[in-house]
Amino acid sequence: MAIVPPTYEWTATTAQEAETSLEAVRNLIDAHLKTLVPSDPFIKNDTRRNTPLTMRISLDLGPVIEAINESRQLNEQLDLDDTASTDS
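Each chain carries its own residue numbering, running from 1 in the written order of its sequence. Thresholds applied to this predicted model are a pLDDT of at least 70 for local features of residues and 80 or more for the giving and counting of side-chain atom pairs; totals over whole chains, interfaces and linings are not thresholded and use all residues. Water and hydrogen atoms were dropped before computing side-chain values, which therefore reflect all heavy atoms in the structure.

## Looking at the packing of aromatic side chains
In step 1: Each Phe, Tyr or Trp ring (for Trp, its six-membered ring) is paired with any other whose centre lies within 6.5 Å, and the angle between the two planes then decides the class: stacked below 30 degrees, edge-to-face above 60, tilted in between. Throughout the structure, instances matching the rule amount to one aromatic pair.
In step 2: The interplanar angle of 20° and the centroid separation of 5.9 Å between the aromatic rings of Tyr8 and Trp10 together place this pair among those described as stacked.
In step 3: A relative accessible area of 43% places Tyr8 in the partly exposed class.
In step 4: Judged by relative accessible area, Trp10 falls into the partly exposed class, the value being 39%. Residue exposure (1.4 Å probe, protein chains only): buried if accessible area is under 20% of the type maximum, exposed if over 50%, otherwise partly exposed.

Written out as structure tokens, the structure is:
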């Protein structure tokens, strides 16, 4: 009996969710590799290198970059305000 290969898809909207999803991907790959070579208690690097799979990752860091830019602008404004008040 052949196994029909599933396709998995995760969606994350926070850095924590993304990290949790990546951990789930690692665990799922390891589980399948252990099933592929059940007699081996450890997954060898050769197994990882030679087992084909397809993975697509789309990562949008736009909101993080926007927050960084806003933080920098605010810090620059605060530094200018602090300098102006101490110069007087």
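So that's the structure; there's more coming.
## Some points on the layout of surface pockets
In step 1: Of the pockets and cavities examined, the largest pocket occupies roughly 1,600 Å³.
In step 2: Within this scheme a cavity is a closed region of a 1 Å grid, computed over the protein atoms alone, that accommodates a 1.4 Å probe without allowing it to escape, whereas a pocket is open but has protein on both sides within 12 Å along at least five of seven lines; lining residues each have an atom within 4 Å of a point. Contributing to the lining of the largest pocket are 36 residues, with Tyr8, Trp10, Val25, Met55 and Arg56 lying nearest its centre.
In step 3: Looking at the lining of the largest pocket, the elements with two or more residues in it are α1 (15-36) and α3 (62-87).
In step 4: No other element matches the 12 residues that α1 contributes to the lining of the largest pocket.
In step 5: For this classification, Asp, Glu, Lys and Arg are treated as charged, while Ala, Val, Leu, Ile, Met, Phe, Trp, Tyr, Cys and Pro are nonpolar and the rest, including Gly, are polar. Of the residues contributing to the lining of the largest pocket, the split by class is 22 nonpolar, 10 polar and four charged. Grid points are joined across faces, edges and corners, and a volume is the space filled by probe spheres set on the points. Helix numbering and strand numbering both begin at the N terminus, where a helix is a DSSP run of H or I of at least 4 residues and a strand a DSSP run of E of at least 2.

## Description of the pattern of salt bridges
In step 1: Any carboxyl oxygen of Asp or Glu that lies within 4 Å of a side-chain nitrogen of Lys or Arg is treated as forming a salt bridge with it. Summed over all chains, the structure comprises four salt bridges.
In step 2: Glu19 serves as the salt-bridge partner of Arg26, at 3.7 Å between the closest nitrogen and oxygen.
In step 3: The exposure class assigned to Glu19 is partly exposed, which follows from its relative accessible area of 43%.
In step 4: The closest approach of N and O atoms between Arg49 and Asp46, which form a salt bridge, is 2.7 Å.

## Focus on the confidence of the model for the protein
In step 1: Residue-level confidence of the predictor is what pLDDT reports, using numbers from 0 through 100. When pLDDT is averaged along the protein, the result is 88, and 91% of the positions lie at 70 or above.
In step 2: For the protein, per-element mean pLDDT is lowest for α3, which scores 83, and highest for α1, which scores 94.

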